[in-house]
Amino acid sequence: MIDECLVVEFSVTGDDCPLADAARETGATVDARPPQLRRDENALLRFSVGEGADELGAVLDADERIRYLHASRTDSRTNFRCLSKHPCVVHELTDAGFMAETLQYRGDTERHTGAVVGHDVLRGVLAAAAETVGVSLERVFPLGSEDDEAVAQRWDVTPAQEAALRTALEMGYFEVPREVTAREVADELGISKSAFLERLHRGQATLFGQVFG
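None of these values were measured; they are calculated from a predicted model.

Cut-offs used in this document
- For every chain, the first residue of the written sequence is number 1, and numbering continues from 1 along that sequence.
- Given that this is a predicted model, residues contribute local features only at a pLDDT of at least 70 and side-chain atom pairs are listed and counted only at 80 or more, while totals for whole chains, interfaces and linings are drawn from all residues.
- Side-chain calculation: all heavy atoms of the structure are included, whereas hydrogens and water are not.
- A pocket, in this scheme, is an open set of points on a 1 Å grid over the protein atoms alone with protein on both sides within 12 Å along at least 5 of 7 lines, while a cavity is a set where a 1.4 Å probe fits but cannot get out; residues line either one if an atom lies within 4 Å of a point.
- Grid points are joined across faces, edges and corners, and a volume is the space filled by probe spheres set on the points.
- Only DSSP runs of H or I with at least four residues qualify as helices, and only runs of E with at least two residues qualify as strands; both kinds are numbered from the N terminus onward.
- Residue polarity is assigned by list, with Asp, Glu, Lys and Arg as charged and Ala, Val, Leu, Ile, Met, Phe, Trp, Tyr, Cys and Pro as nonpolar; anything else, Gly included, falls into the polar class.
- Throughout, nonpolar core names a set of buried Ala, Val, Leu, Ile, Met, Phe, Trp, Tyr and Cys residues whose side chains join them through atoms within 4.5 Å.
- Classification of residues uses two cut-offs on accessible area relative to the type maximum, computed with a 1.4 Å probe and protein chains only: under 20% is buried, over 50% is exposed, and between them is partly exposed.
- What makes two residues a contact is simply this: any of their non-hydrogen atoms within 4.5 Å.
- Only the stretch in contact is used when a helix axis is fitted, and all axes are lines through C-alpha atoms; the angle between N-to-C directions ranges over 0 to 180 degrees.
- For classification, angles of less than 35 degrees are called roughly parallel, those exceeding 145 degrees roughly antiparallel, those between 65 and 115 degrees roughly perpendicular, and all remaining angles oblique.
- Here a crossing is called left-handed whenever its near helix is offset anticlockwise from the far helix by less than a right angle, and right-handed whenever the offset is clockwise.
- What a helix is expected to span follows from its residue count: subtract one and scale by 1.5 Å.
- A pair of aromatic rings is counted whenever rings of Phe, Tyr or Trp (Trp by its six-membered ring) have centres within 6.5 Å, and the orientation is called stacked for planes under 30 degrees apart, edge-to-face for over 60 and tilted otherwise.
- Criterion for a charge above a ring: Lys NZ or Arg CZ within 6 Å of the ring centre, and within 35 degrees of the ring normal.
- The score called pLDDT rates the predictor's confidence residue by residue, from a low of 0 to a high of 100.

A. Quick look at empty space enclosed by the protein. Counted according to the given criterion, the structure contains one cavity of 30 Å³ or more. Taken as a whole, the largest cavity spans an internal volume of roughly 40 Å³. Lining the largest cavity are Val-12, Thr-13, Gly-14, Asp-15, Ala-20, Arg-24, Tyr-105, Gly-107, Asp-108, Thr-109 and Glu-110. Those elements that place two or more of their residues in the lining of the largest cavity are strand 1 (5–13), helix 1 (18–26) and strand 8 (109–117). Split by residue class, the lining of the largest cavity holds three nonpolar, four polar and four charged.

Written out as structure tokens, the structure is:
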């Protein structure tokens, strides 16, 4: 039995899926859940966008690969659901053993966060990605290590929420008075201000719910 599970983060360039194309064209930051691949090879997509949601929605609506596009607004973000006839790169990575948790499309680069079981599987995932797109390993650490033990196992927040909380804390966002603005933390994370605030608030809600629930 293999008892080593690794949390990995890597960036991908050169993806030609609808979300990647729309993010490049509009400049919007797209935060997506892992797509669900149906038996007919169509993928169910769920994602949210802050700034630029209307423009991105229009681009996707005009894309012949996208069907049944639906949008709903919550506060400063727009949540989308649709069906894509074009498989995403993450499906190939899943076939190689990657367990995706979060995907982000921003400009020419998308960031994948998830887990793999062992270094051999990690090498297979990176090899699978390199066959079709450019891939760069950003971070890898054992699940349950000091890097994520307070988050992934104990508090059940997502890796994206953990990164927002950790970075905000390290930069002094929670100091009184604050040492940095939300925009500065967002820039450090490489995401929009609205995306940072949503991750921060969702992470805080999860943490507070467990502490005070």
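So much for the structure itself; the text now carries on.
B. Fine view of the nonpolar core. If you look at the biggest cluster of nonpolar residues, it comprises 37 residues, and the most contacted ones within it are Leu-19, Phe-47, Leu-56, Phe-98 and Tyr-105. Setting aside residues no more than four positions away along its own chain, Leu-19 makes contact with Val-30, Ala-32, Leu-45, Phe-47, Leu-60 and Tyr-105. Grouped together as the second largest cluster of nonpolar side chains are 12 residues, Ala-164, Tyr-173, Ile-191 and Ala-195 included.

C. Summary view of helix 1. Listing the buried residues of helix 1 in full gives Pro-18, Leu-19, Ala-20, Ala-22, Ala-23 and Thr-26. Taken from the residues just after helix 1, Gly-27 is the one with a positive phi, measuring 80°.

D. Highlighting unusual backbone geometry. In this chain, Val-176 is followed by Pro-177 through a cis amide linkage whose omega measures 0°. The phi dihedral of Glu-41 is positive, around 75°, even though this residue is not glycine. Tracing the backbone shows Glu-41 in the loop between strand 3 (36–37) and strand 4 (43–49). You will see that Tyr-68, though not glycine, has its phi angle at about 55°, which is positive. Turning to its location among the elements, Tyr-68 is positioned in strand 5 (residues 66–74).

E. Quick peek at the packing of helix 6 (residues 159–171) against helix 7 (residues 182–189). With their axes 10 Å apart at the nearest point, helix 6 and helix 7 run at an angle of 120° to one another. If you check the angle between helix 6 and helix 7, you find them oblique. Judged by the sense of rotation from one axis to the other, the crossing of helix 6 with helix 7 is right-handed. On helix 7, the residues that touch Ala-163, Ala-164, Thr-167, Ala-168 and Met-171 of helix 6 are Glu-184, Val-185, Glu-188 and Leu-189. Here the contact of helix 6 with helix 7 is composed, by residue class, of six nonpolar, one polar and two charged.

F. Fine view of helix 6. With 13 residues, helix 6 should reach 18 Å at 1.5 Å per residue; the first-to-last C-alpha distance of 18 Å fits that figure. Of the positions making up helix 6, those classed as buried are Pro-159, Ala-160, Gln-161, Glu-162, Ala-164, Leu-165, Thr-167 and Ala-168.

G. Structural context of the packing of aromatic side chains. Per the counting criterion, the structure on display carries four aromatic pairs. Between Tyr-173 and Phe-174 the ring centres are 5.6 Å apart and the planes differ by 80°, which places this aromatic pair in the edge-to-face class. Residue Tyr-173 is classed as buried on the basis of its relative accessible area, which comes to 6%. The exposure class assigned to Phe-174 is partly exposed, which follows from its relative accessible area of 35%. Taking the ring centre of Tyr-173 as reference, the NZ or CZ of Arg-178 above it sits at 4.0 Å.

H. Summary view of the layout of surface pockets. If you add up the space inside the largest pocket, you get close to 960 Å³. Around the largest pocket, the lining is made up of 35 residues, and of these Asp-31, Thr-102, Thr-158, Ala-160 and Arg-199 lie nearest the centre. Contributing elements (two or more residues each) for the lining of the largest pocket: strand 2 (29–32), strand 4, strand 6 (77–84), strand 7 (99–106), strand 8, helix 6, helix 7 and helix 8 (193–212). Tallied by class, residues from the lining of the largest pocket come to 11 nonpolar, eight polar and 16 charged.

I. Looking closely at the confidence of the model for the protein. Per-residue pLDDT for the protein averages 84, and the proportion of residues at 70 or more is 90%. Across the protein, helix 2 (residues 53–62) holds the top mean pLDDT of 95, while helix 5 (residues 149–153) sits lowest at 46. Every residue in residues 149–153 is under pLDDT 50, and counting partners more than four places away or in other chains gives 12 contacts.

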